[in-house]
Amino acid sequence: MDDALLRLTEAVKTGKRKDAREATEIALNAGTDPETVLAALTAGMDDVGKRFRANEIFVPEVLVAARAMKTSMELLEPALVSSGVKPKYTAVIGTVAGDLHDIGKNLVIMMLKGANYGVIDLGINVPEEKFIEAAREHNPDLICLSALLTTTMPAMKTTVEALRKEGVSARIMVGGAPITEAFSQSIGADGYATDAAVAVDVANQLVGA
Ligand code: B1M
C-alpha cells in the first residue's frame, strides 16, 4: 500500500487528527481513488474496533480515533460524492424518547461510519413517530435505538412495536447500558450489541454485509 494510505490508517489508529488530514490530502492530490482512501480509513477504524472489543483501549481512545476519522472524512466525503461512491448500507439511529444520553450512540455512529455505513442521526429524545418518519423518508437497511435509562426502556419497546405496526422492513438493532440480549428479544428487536465495536458486527450480520 502507498505511504500516504499507510499513514492514514495509522493516524486513525492512533487518533492523530493532523496526520489524518495531511495523509488524506496527499492521497487525494496524488489522484488516489477516493474508494481506496476510504478503505485505508476503514482499516484504521476496524483496528480501533478490534482493540476496543478486546479491552486493549477504552472510550477516550475511541473518541480520539473517531475525531481523526471525522477530519479525514471532511476531505474525503466530497471526493466520494463526486466520484459517485455511495455507502452500501444506510442506518437511522437515535436515543429513544425521554432519554438525553448520546455519548454511546455517537460512538456507535462513528464506528458505523468507519465501516462505510451512511448514518442518519435523529439525535436524542426521539419519539417513535420520528423514527417512523425517518424510515419512510430514507428507507434504511437498519434502525438503531439507544437507551441509557431503565426508565426509557419501555420507550424502546413501544418504538419497536410502532415500527413493526407501520410495516417498516428495516432490521432493528438496540443497545445501551441497561439493555440485555433477553430484553432485546422480549421486545422483538432483530439484534442487540453490547458496545460500539460489536454494533458493527451485529449491523453487518443484520444487513447481510
Ligand atoms: Co446520566 N445516568 N442521567 N447523564 N449518566 C447514567 C446512565 C446512570 C447509570 C448514572 C448512575 O446513576 N449511576 C443513571 C441511570 C440509572 C438507571 O437508569 N438505572 C443516570 C441517570 C439517573 C441520569 C438522570 C436521571 C440524572 C438526573 O437528572 N437525576 C439524567 C437523565 C436525563 C435524561 O436522559 N432524561 C441524566 C443525565 C445525564 C447527563 C445529561 C448529565 C449526562 C449525559 C450527557 C450525554 O450523553 N451527552 C449523563 C451521563 C454522562 C451519565 C453517565 C455518567 C455516563 C454515560 C455515558 O456516556 N457512558 C452514566 C453512568 C455511567 O455509565 N457510568 C449515567 C459512556 C458511553 C460510551 O457508554 O452510553 O453505555 P454507553 O454506550 C456504550 C454501550 O452502552 C453501547 O455502546 C456504547 C459504546 O461502547 N451502546 C450501544 C449505546 N447505545 C447503543 C446502541 C446500539 C448498540 C450499542 O445499537 C443501536
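Attention here is on the structure that accompanies the text. What you see is a predicted model, and the numbers here were worked out from it, not measured in a lab.

1. Some words on the side chain of serine 184
Mapped onto the secondary structure, serine 184 falls in helix H8 (residues 181-186). Setting aside anything within four residues of it in sequence, one finds serine 184 in contact with Val174, Ala189, Gly191 and Tyr192.

2. Describing the nonpolar core
Formed by 49 residues in total, the largest nonpolar core has its most connected members in Leu8, Leu41, Leu112, Tyr117, Leu142 and Met173. The biggest single contributor to this core is helix H9 (residues 196-207), with 9 residues. The two domains that each donate at least three residues to this core are domain 1 (3-82) and domain 2 (89-207). Sequence-distant contacts of methionine 173, defined by excluding residues within four places in its chain, comprise Leu142, Ile143, Cys144, Leu145, Gly191, Ala193, Ala199, Val202, Ala203 and Leu206. By size, the runner-up hydrophobic cluster in this structure holds 26 residues, among which are Leu145, Met156, Val160 and Val174.

3. Points about the site of the ligand
Around the ligand, the structure places 26 residues, and the nearest of them are Leu100, His101, Asp102, Ser146 and Thr150. Measuring from a nitrogen atom of the ligand, one finds a side-chain N or O atom of histidine 101 at 2.8 Å. Between an oxygen atom of the ligand and a main-chain N or O atom of threonine 150, the distance comes to 2.9 Å. Looking at the shell around the ligand, the elements that each hand over two or more residues are helix H5 (103-114), strand S3 (142-146) and strand S4 (171-175). When residues in the shell around the ligand are grouped by element, the largest group, 4 residues, is from H5. Taken together, the residues of the shell around the ligand sort by class into 15 nonpolar, 8 polar and 3 charged.

Analysis parameters
All residue numbers refer to positions counted from 1 along the written sequence of the respective chain. With the structure being a predicted model, the display of local features is reserved for residues of pLDDT at least 70 and the display and counting of side-chain atom pairs for 80 or more, all residues being used for whole-chain, interface and lining totals. With hydrogens and water set aside, each side-chain value is computed from the structure's full complement of heavy atoms. Strands are runs of DSSP state E lasting at least two residues, helices are runs of H or I lasting at least four, and both sets are numbered from the N terminus onward. Here, residues are in contact when the closest pair of their heavy atoms is within 4.5 Å. Put simply, buried Ala, Val, Leu, Ile, Met, Phe, Trp, Tyr and Cys residues joined by side-chain atoms within 4.5 Å make one nonpolar core. Each residue is assigned to one of three classes by its accessible area relative to the maximum for its type, calculated with a 1.4 Å probe on protein chains only: buried under 20%, partly exposed between the two thresholds, exposed over 50%. For the domains described, the bounds stem from an automatic or database domain assignment. Being near a molecule or strand, for a residue, comes down to having at least one heavy atom within 4 Å of it. Here a polar contact is recorded for every N or O atom pair within 3.5 Å, except that within protein the pair must consist of a potential hydrogen donor and a potential acceptor, and residues adjacent in sequence are included only if both atoms are side-chain atoms. The residue classification treats Ala, Val, Leu, Ile, Met, Phe, Trp, Tyr, Cys and Pro as nonpolar and Asp, Glu, Lys and Arg as charged. All others, Gly included, are polar.

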